[in-house]
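Residues per chain, in single letters:
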Amino acid sequence: MEYLKEVEVKSVHDFIQVKMGKRSRAIVVGGPVIVGCGPSGLAAAACLKQKGIPSLILERSDCIASMWQLKTYDRLRLHLPKRFCQLPLMPFPQNYPSYPTKQQFLAYLKAYAHNFDIKPALNKTVVSAKFDHRCGCWRVKTRGLKKEETEYVTQWLIVATGENAEEIVPQIEGMSEFEGPILHTSSYKSGSMFRGKNVLVVGCGNSGMEVCLDLCNHNAHPSLVVRDTVHILPQQMFGKSTFSLSMSLLKWFPIRLVDKFLLLMSHLILGDTARFGLNRPQIGPLEFKNLYGKTPVLDVGTLAHIKGGKIKVCRGIKQLAKHKVEFVDGKTEKVDVIILATGYKSNVSTWLKVGSDMFCAKDGLPPNGWKGEDGIYAVGFTKRGLLGVSIDAEKIAEDIQQCWKAVKTTRTC
Ligand SMILES: Cc1cc2nc3c(=O)[nH]c(=O)nc-3n(C[C@H](O)[C@H](O)[C@H](O)COP(=O)(O)OP(=O)(O)OC[C@H]3O[C@@H](n4cnc5c(N)ncnc54)[C@H](O)[C@@H]3O)c2cc1C
């Protein structure tokens with residue numbers, strides 16, 4: 001790897017080290033450094049490679065696509081049709097179904113990495129990244145398994161750590177009193193462990209709804225806590241995926257009209273969800289997603305169990321006790337297990353150190369979603385799932401290529 005040059009450099013950025021006269025190891029990376037080896041990191045590396053630009057991926061886990069490998073449940077399939085989920089330059093195998101299983105998606109990602117010869121540096125958690133104005137480069141620090149630190153110096157930093165890097169765990173009154181297990185959906189694999197148990201599922205997004213369905217299929221007794229309003233849409237309409245139908249309609253009609261159509265069809269296919277305790281927001285599903293980033297739930301069969309009474313819908317939690325939960329409406333339930341389907345958040349603000357004048361977006365990420373100043377880029381942060389990942393990765397590779405050509409020409413001169 002000629003583009004990686006390991007050098008002993010005097011650390012000029014770390015006052016204490018300089019003062020103590022210590023030297024630290026730094027690796028100068030000739031191409032971009034990509035943080036995170038999920039679909040976003042892989043797509044960015046592949047697009048760069050296709051343009052002849054080498055890159056280095058730093059990944060905190062011991063495998064690629066760690067969210068998909070380690071933090072998802074067994075019955076998971078892609079929520080969106082495959083043509084919206086494939087990465088650039090390599091389509092899914094033709095024999096894949098419209099909604100590939102998690103295992104199929106993982107096999108595809110592994111083949112993708114192999115095809116583009118992507119070999120990430122694993123077990124490298126990025127703990128800080130800072131632009132050094134003196135050398136015009138990013139200094140990216142990682143911590144390894146034995147707490148060893150390494151610094152990478154690069155002209156281009158690509159943030160690909162995902163919108164789902166860390167679990168959101170809410171604080172619920174009485175949580176410490178509760179005597180049963182409390183787990184996040186990231187640790188949930190299958191309902192087979194919960195046969196016959198009363199399971200409280202907190203959160204009504206795609207994961208919460210699907211976990212309830214899985215629990216029903218394994219003869220557990222789920223109750224679903226629904227605190228906020230939620231849009232539930234059928235996964236298919238007229239034999240077409242609701243997502244692709246929406247995308248087609250948006251090319252011709254304004255978003256509000258498309259939303260009206262989606263709501264009408266949902267009413268005809270699913271009925272009035274408010275009758276079952278699932279109230280809809282005032283704003284339509286696509287506009288709601290644009291404004292608040294909250295994806296509508298695509299029903300894969302859960303609603304039928306709610307209608308049939310196998311899944312109870314409950315209001316917000318007031319407090320927990322040893323083996324029971326009390327809801328805000330005063331009702332109580334006996335509970336054996338709690339599953340938090342409360343979502344994820346990004347971790348970028350914990351390690352990316354940027355001056356407030358550099359970026360105005362929250363998290364320090366570029367306000368336009370993919371490109372910031374001083375050679376920083378982001379892939380997969382525009383709340384458009386894998387479709388957004390592909391678009392970002394292609395744009396980033398194009399942009400870096402311009403710079404790369406210029407640098408090469410200067411060097412030749
Ligand atoms: C249950 C579930 C189902 C989903 N289904 C779909 C779907 O059908 N279609 C769709 O488009 N989207 C879906 N999504 C959204 C999905 O998360 C993304 O589309 C996709 O995984 C994004 O890829 P990513 O690489 O940006 O993030 P991730 O897949 O989260 O990968 C980020 C990587 O960065 C690493 N990382 C994080 N922090 C650090 C650090 N500090 N240092 C080094 N490495 C770090 C992580 O370990 C991880 O490997 C789903 C999400 C969930 C939770």
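Since we're looking at a predicted model, the values are computed, not measured.

About the thresholds
- Residues numbered from 1 in each chain as written.
- Predicted model: local features only at pLDDT ≥ 70, side-chain atom pairs only at ≥ 80, totals over all residues.
- Helix = DSSP H or I, 4+ residues; strand = E, 2+ residues; numbered from the N terminus.
- Rg over C-alpha atoms; globule rule 2.2 N^0.38 Å.
- Contact = placed C-beta atoms within 7 Å.
- Near = placed C-beta within 6 Å.
- Core = buried A, V, L, I, M, F, W, Y, C linked by C-beta atoms within 7 Å.
- Buried ≥ 20, exposed ≤ 12 C-beta atoms within 10 Å, placed from the backbone.
- Pairing = 2+ DSSP bridges.
- Axes fitted to C-alpha atoms, helices over the stretch in contact; angles between N-to-C directions.
- Domains from an automatic or database assignment.
- Nonpolar A, V, L, I, M, F, W, Y, C, P; charged D, E, K, R; others polar.
- Expected span 1.5 Å × (residues − 1).

Notes on the overall build of the protein
Turning to step 1, where the next piece is worked out: Assigned secondary structure in the protein consists of 11 helices and 24 strands.
Turning to step 2, where the next piece is worked out: Its C-alpha atoms give the protein a radius of gyration of 24 Å, within 12% of the compact-globule value 22 Å for 413 residues.
Turning to step 3, where the next piece is worked out: In terms of overall dimensions, the protein has a C-alpha envelope of 75 × 55 × 40 Å along the principal axes.
Turning to step 4, where the next piece is worked out: Of all intrachain contacts in the protein linking residues separated by at least 6 positions in sequence, the fraction that spans at least 24 positions is 65%.

Observations regarding the site of the ligand
Turning to step 1, where the next piece is worked out: The immediate surroundings of the ligand are formed by 33 residues, with Gly36, Gly38, Gly162, Gly380 and Gly385 found nearest.
Turning to step 2, where the next piece is worked out: Of all the elements in the fold, those that place two or more residues in the shell around the ligand are α2 (39-50), α3 (66-70), β5 (125-132) and α11 (385-412).

Some remarks on the nonpolar core
Turning to step 1, where the next piece is worked out: Val33, Leu42, Ala44, Ile158, Val159 and Val379 are the most contacted members of the largest nonpolar core, which totals 60 residues.
Turning to step 2, where the next piece is worked out: Not counting residues up to four positions away in its chain, the partners in contact with Val159 are Val35, Val348, Leu352, Leu365, Tyr377 and Ala378.
Turning to step 3, where the next piece is worked out: One finds Val199, Leu215, Leu224 and Ile306 within the second-largest nonpolar core, a separate group that totals 41 residues.

Here we look at the sheet that holds strand β21 (residues 337-340)
Turning to step 1, where the next piece is worked out: In space, the five strands of this open sheet follow the order β10-β21-β11-β12-β17, with parallel pairing throughout. The open sheet terminates on both sides in strands that have one partner only, identified here as β10 (182-184) and β17 (312-314). Pairwise comparison of adjacent strand axes, ignoring direction, gives a mean angle of 25° for this sheet.
Turning to step 2, where the next piece is worked out: Of the strands in this sheet, β11 (198-202), β12 (221-225) and β21 are in contact with helix α5 (residues 206-217), which crosses β12 at around 165°.

Section: unusual backbone geometry
Turning to step 1, where the next piece is worked out: Unusually for a residue other than glycine, Lys147 sits at a positive phi of about 70°.
Turning to step 2, where the next piece is worked out: Tracing the backbone through its elements, the reader meets Lys147 in the loop between β6 (137-143) and β7 (149-154).
Turning to step 3, where the next piece is worked out: Residue Lys383 is not a glycine yet carries a positive backbone phi of 55°.
Turning to step 4, where the next piece is worked out: Along the chain, the position of Lys383 falls in the loop between β24 (376-378) and α11.
Turning to step 5, where the next piece is worked out: In this structure Lys383 comes out as partly exposed when scored by C-beta crowding, with 14 C-beta atoms within 10 Å.

Some remarks on the sheet that holds strand β20 (residues 332-334)
Turning to step 1, where the next piece is worked out: Reading across from one edge, β18-β19-β20 is the order of the three strands in this open sheet, with antiparallel pairing throughout. Looking along the sheet, the strands with just one partner apiece sit at the ends: β18 (317-320) and β20. Ignoring which end each strand starts from, the neighbouring axes of this sheet average 25° apart.
Turning to step 2, where the next piece is worked out: Here three bridges tie β18 to strand β19 (residues 324-327), and the two strands are oriented antiparallel to one another. Pairing of Gln319 across the sheet is with Glu326, part of β19.

With respect to the domain arrangement of the protein
Turning to step 1, where the next piece is worked out: You can read the domains of the protein as domain 1 (2-165 + 346-412) and domain 2 (169-343).
Turning to step 2, where the next piece is worked out: On a C-alpha basis, the centres of domain 1 and domain 2 stand 32 Å from each other.
Turning to step 3, where the next piece is worked out: Taken together, the nine residues of domain 1 in the interface contact 13 residues of domain 2.
Turning to step 4, where the next piece is worked out: For the side of domain 1 that touches domain 2, the class distribution of residues is four nonpolar, one polar and four charged.

A few points about helix α7 (residues 255-270)
Turning to step 1, where the next piece is worked out: With 16 residues, α7 should reach 22 Å at 1.5 Å per residue; the first-to-last C-alpha distance of 21 Å fits that figure.
Turning to step 2, where the next piece is worked out: Contact partners of the buried residues in α7: β13 (232-234), α6 (242-252) and α8 (285-292).
Turning to step 3, where the next piece is worked out: Directly beyond the C-terminal end of α7, a positive phi value near 85° is found at Gly271.

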